[in-house]
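Notes for the structure review
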Amino acid sequence: MLELHLLLLFMIVAAVVAVEIKDLLSSVIAVGAVGLGVSLSFLLLKAPDLAITQLVVEILCLIILIRATINKDLPLVKDGRWFFNTLSTLSFLAVFLLFAYFALKSLPVFGKPIMRIAEVYLKEGLAKTGAANLVAAIILDFRGYDTLGEATVLFTAVIGVMAVMRKVGRIRK
Amino acid sequence: MKETRQGMTIIVKTITRLTVGLIFLYGIYIVLHGHLTPGGGFAGGVIMALAFIHLMIAFGKETALKKLSQAKAAFLENLGALMFLSVAALGFSGGYFFYNFIKKGMPFHLLSAGIIPLCNIAICLKVGAGLFSIFVTLLILNNTGRKK
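On a predicted model such as this, the values are computed, not experimentally measured, just so you know.

**Considering the interface of chain B and chain A**
At the junction of the two partners, chain B supplies 45 residues and chain A supplies 39 residues. Between chain B and chain A, roughly 3800 Å² of surface is buried when both sides are summed, and carbon and sulfur atoms account for 76% of that area. At the boundary of chain B with chain A, the tally comes to zero salt bridges. Among the secondary structure elements, those contributing two or more residues to the side of chain B that touches chain A are helix H2 (41-59), helix H4 (70-89) and helix H5 (116-147) of chain B. Per element, the largest residue contribution to the side of chain B that touches chain A is 18 residues, and it comes from H5(B). Residues belonging to the side of chain B that touches chain A are distributed by class as follows: 28 nonpolar, 13 polar and four charged.

Shown next as structure tokens:
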């Protein structure tokens, strides 16, 4: 458990560095360090599927962000409307904490009915689907609808990027 | 891959020429063994997209777009989405949506688990082609913005 706590500490430090640092490229690198920490902690918690996915997606995001931010210095807007900004941040925080309080109260205690649904999957997964990798059996057989929704989200994201960044129909200045 | 003026230095180009095929092969392995070992359609698709992005960063835009043009990527993405939906809809032959209508086969063999390998291949096409086309779109806009 000590490694996990060290990783969490490293991730918190990297996240603070990513927010506070002035240089944009260094900030992107710090975000990548956070992602690497998440991937390593997945590996420590014995979820290799998630670790592989997190690692490759993190690399891809890092490449895209570096391509987007290199040779650019976007200024951070700090002055003006600080009263409105602080007020809206505080009110959103209050609303979030209020809803979280009511939502978390109705959740079961952490780890109390341990593995109630997962037990069924673990017992019957291999016999019902024939897949040796139980994660694949769950995401593509038992929970196929979830994967369909996830694929739809990605499809919508691609269409959105292509619509915003399109060449056709753009007014030339 | 011919020598082009674009892209990075000759060291990067040589290393890329040696590794890009291996990366692509590893992506195919991850996808096809998704129902046996950790991995699956999403991770394998991203690895395959990363192979093309690797090619594009090292050799420049034209070389990578010659291998996989934007129209081809869009076609592959739509093919993946339609394949996933049709595999799910073919489950109606056995009763309901996402029904595992192919025989299960022996566990721990490559040809097992019914529709799960087919779904993995469909998701890999969708994710890989989709992320590659997002990258190409962002890159092209970035270049036109810089010329102004």
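**Structural notes on the nonpolar core**
Ranked by size, the top nonpolar core spans 47 residues in total, and within it A:Leu60, B:Val46, B:Met56, B:Phe84, B:Leu131 and B:Phe132 carry the most contacts. Contributions of two or more residues to this core are made by helix H3 (48-69), helix H6 (134-142) and helix H7 (144-164) of chain A together with helix H1 (10-32), H2, H4 and H5 of chain B. Structurally, this core is a two-domain feature, drawing no fewer than three residues from each of domain 1 (1-71) and domain 2 (117-173) of chain A. Excluding residues within four positions of it along the chain, B:Phe132 makes contact with B:Ala49, B:Phe52, B:Ile53, B:Met56, B:Leu68 and B:Ala73.

**Comments concerning the pattern of salt bridges**
Residue and element names in this part refer to chain B. Considering all chains together, one arrives at two salt bridges over all chains under this definition. Note that lysine 126 and glutamate 77 form a salt bridge whose closest N and O atoms lie 3.1 Å from each other. In this pair, lysine 126 is assigned in helix H5 and glutamate 77 in helix H4, connecting sequence segments 49 residues apart. Accessibility expressed as a relative area gives 3% for lysine 126, which makes it buried. We classify glutamate 77 as buried; its relative accessible area is 4%.

**So, the packing of H3(A) against H2(B)**
Where H3(A) contacts H2(B), the axes come no closer than 9 Å and their chain directions differ by 30°. In this view, H3(A) runs roughly parallel relative to H2(B), as classed from their interaxial angle. In the packing of H3(A) onto H2(B), the handedness of the crossing is left-handed. In this structure, H3(A) contributes A:Ile52, A:Thr53, A:Val56, A:Val57, A:Ile59, A:Leu60 and A:Ile63 to the contact, and H2(B) contributes B:Phe42, B:Ala43, B:Val46, B:Ile47, B:Leu50, B:Ile53 and B:Ile57. Residue classes in the contact of H3(A) with H2(B) are distributed as 13 nonpolar, one polar and no charged.

**A look at the domain arrangement of chain A**
Taken domain by domain, chain A holds domain 1 (1-71) and domain 2 (117-173). Inter-centroid distance (C-alpha atoms) of domain 1 of chain A to domain 2 of chain A is 23 Å.

Here is what the cut-offs are and how they apply
Residues numbered from 1 in each chain as written. Chains lettered and ligands numbered in written order. Predicted model: local features only at pLDDT ≥ 70, side-chain atom pairs only at ≥ 80, totals over all residues. Heavy atoms only, no water. Contact = heavy atoms within 4.5 Å. Buried area = accessible area lost by both parts, 1.4 Å probe. Salt bridge = Lys/Arg side-chain N within 4 Å of Asp/Glu carboxyl O. Helix = DSSP H or I, 4+ residues; strand = E, 2+ residues; numbered from the N terminus. Nonpolar A, V, L, I, M, F, W, Y, C, P; charged D, E, K, R; others polar. Core = buried A, V, L, I, M, F, W, Y, C linked by side-chain atoms within 4.5 Å. Buried < 20%, exposed > 50% of the residue type's maximum accessible area, 1.4 Å probe, protein only. Domains from an automatic or database assignment. Axes fitted to C-alpha atoms, helices over the stretch in contact; angles between N-to-C directions. Parallel < 35°, antiparallel > 145°, perpendicular 65-115°, else oblique. Left-handed = near helix turned anticlockwise from the far one by under 90°.

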